[in-house]
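Spelled out from the first residue to the last, the chains are:
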Amino acid sequence: MTQNMGDTLPDYLPLSFLNQLSYCPRRFWLMYAQSEIEINAPMLEGTIRHQRAHDPGSQRLDDQGRALRSVHVWSDVLRVAGIADFVEITGTQTELHLLPVEHKHGRMGKWLNDHIQLCAQAMCLEERTGIAVPVGEIFYWSNRRREQVTFDDALRQRTQDAIQYAFALLAMGQTPAPIEHKAKCRDCSMEPICLPDETLALLRDEAVEGN
Ligand code: SF4
């Protein structure tokens, strides 16, 4: 399916959609370009938990440091923008340390999409503040675990590549084919709209007919 988005390309890509793209380009397309968000139970639960994380009562202040919540971040260089769930601030006035913490409703994943979203947040924070952000953390509600993520060169490069790919996909205006990945498709809320098996079978038939 082709959809001309050349005139409506966004100036800034929402950080959360960068997560979708890194999971599956077709998922990104369906959710972003066609606004077909299929809400399933885990997504709904995640949304509610996200709202709680953003609730004013959840802000934490302590003697050692501060945690700012719902921090608007953006990068003019990367052309991404969004909200960091929490940014923990420690250190002194002359040497501040920033730690972005993202809340996720699921379990610790096997894929890098959450890492890429968090890395983009960190790069936004660095651009806005001039302070190096070497690590961040992801809190997974399902198993109540925090995972530390190091923003090394490889992850930063993957993040930049994902952003470029997202803009290229939008400029191309064509729905990507389903990925052939049973595990990801099984956990994907877009599966009923995407119909990966049926679509792939159709594409294979078309390829055979075209030969
Ligand atoms: S069902 Fe699979 S191919 Fe379709 S959007 Fe989800 S992950 Fe991508």
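What counts and what doesn't
- Residues numbered from 1 in each chain as written.
- Predicted model: local features only at pLDDT ≥ 70, side-chain atom pairs only at ≥ 80, totals over all residues.
- Helix = DSSP H or I, 4+ residues; strand = E, 2+ residues; numbered from the N terminus.
- Buried ≥ 20, exposed ≤ 12 C-beta atoms within 10 Å, placed from the backbone.
- Contact = placed C-beta atoms within 7 Å.
- Near = placed C-beta within 6 Å.
- Nonpolar A, V, L, I, M, F, W, Y, C, P; charged D, E, K, R; others polar.
- Core = buried A, V, L, I, M, F, W, Y, C linked by C-beta atoms within 7 Å.
- Axes fitted to C-alpha atoms, helices over the stretch in contact; angles between N-to-C directions.
- Left-handed = near helix turned anticlockwise from the far one by under 90°.
- Expected span 1.5 Å × (residues − 1).
- Parallel < 35°, antiparallel > 145°, perpendicular 65-115°, else oblique.
- Pairing = 2+ DSSP bridges.

Student: Would you mind going over the overall build of the chain in detail, with residue names and values included?
Tutor: Looking only at helices and strands, one finds 8 helices and 7 strands in the chain. Expressed as a percentage of its 211 residues, the buried residues of the chain come to 27%. Expressed as a percentage of contacts within the chain between residues at least 6 apart in sequence, the contacts between residues at least 24 apart total 65%.

Student: Can you lay out the site of the ligand for me, pointing to particular residues and giving the numbers?
Tutor: Residues in close proximity to the ligand total 13 residues, the closest being Cys24, Pro178, Cys185, Cys188 and Cys194. If you list the elements that add at least two residues to the shell around the ligand, you get helix 2 (25-33), helix 6 (182-186) and helix 7 (191-194). For the shell around the ligand, the element with the highest residue contribution is helix 2, accounting for 3 residues. Of the residues assigned to the shell around the ligand, the class counts are 9 nonpolar, no polar and 4 charged.

Student: Run through the nonpolar core, naming residues and quoting values.
Tutor: Ranked by size, the top nonpolar core spans 38 residues in total, and within it Leu18, Phe28, Ala120 and Ala166 carry the most contacts. The greatest single-element share of this core, amounting to 8 residues, is contributed by helix 4 (residues 113-129). Beyond its immediate chain neighbours, meaning those up to four positions away, phenylalanine 28 contacts Phe17, Gln20, Leu21 and Ala166.

Student: I'd like a rundown of the packing of helix 1 (residues 15-23) against helix 4, residues and numbers included.
Tutor: Across the interface, helix 1 lies against helix 4 with an axial gap of 8 Å and an inter-helix angle of 145°. Both helix 1 and helix 4 take part in a crossing whose hand is right-handed. Where helix 1 approaches helix 4, its residues Leu15, Ser16, Leu18, Asn19, Ser22 and Tyr23 are matched on the opposing element by Asn113, Asp114, Ile116, Gln117, Ala120 and Gln121. Of the residues contributing to the contact of helix 1 with helix 4, the split by class is 5 nonpolar, 6 polar and 1 charged.

Student: Talk me through helix 8 (residues 196-210); I want residue IDs and the actual numbers.
Tutor: Taking 1.5 Å as the rise per residue, helix 8 with 15 residues should run 21 Å; its terminal C-alpha atoms sit 21 Å apart, in good agreement. Little of helix 8 is tucked away, with 1 of its 15 residues classed as buried.

Student: Outline the packing of helix 1 against helix 5 (residues 153-172), supporting the account with residue identities and numerical values.
Tutor: One can describe the packing of helix 1 onto helix 5 by two numbers: an axis separation of 10 Å at closest approach and a directional angle of 90°. Taken together, the axis directions place helix 1 and helix 5 in an arrangement best described as roughly perpendicular. Mapping the contact onto sequence places Leu18, Leu21 and Ser22 in helix 1 and Ala162, Ile163, Tyr165 and Ala166 in helix 5.

Student: Can you break down the pairing of strand 6 (residues 135-140) residue by residue, with the values?
Tutor: Where strand 5 (residues 96-104) meets strand 6, 4 bridges bridge the pair, whose relative direction is parallel. Counted as the bridge partner of histidine 103 is phenylalanine 139 from strand 6. Here 6 bridges tie strand 6 to strand 7 (residues 145-150), and the two strands are oriented antiparallel to one another. When the bridges of strand 7 are listed, valine 135 appears paired with threonine 150. Where strand 6 folds back on strand 7, the antiparallel hairpin that results is connected by 4 residues, among which arginine 144 adopts a positive phi of roughly 50°.

Student: Explain the pairing of strand 4 (residues 80-91) to me, and be specific about the residues and the numbers.
Tutor: In the sheet, strand 1 (residues 13-14) pairs with strand 4 via 2 bridges, with the strands oriented parallel. Bridge pairing links leucine 13 to valine 80 in strand 4. Here strand 3 (residues 66-75) runs beside strand 4; their pairing, made up of 9 bridges, is antiparallel. When the sheet's bridge partners are listed, alanine 67 is paired in strand 4 with glutamate 88. Between strand 3 and strand 4, which pair antiparallel one after the other, the connecting turn spans 4 residues, and arginine 79 there sits at a positive phi close to 65°. Here strand 4 runs beside strand 5; their pairing, made up of 6 bridges, is antiparallel. In the strand pairing of strand 5, glycine 91 is matched with leucine 96. Connecting strand 4 to the next strand, strand 5, in antiparallel fashion are 4 residues.

Take it as geometry only, folks, not as evidence of what the structure does.
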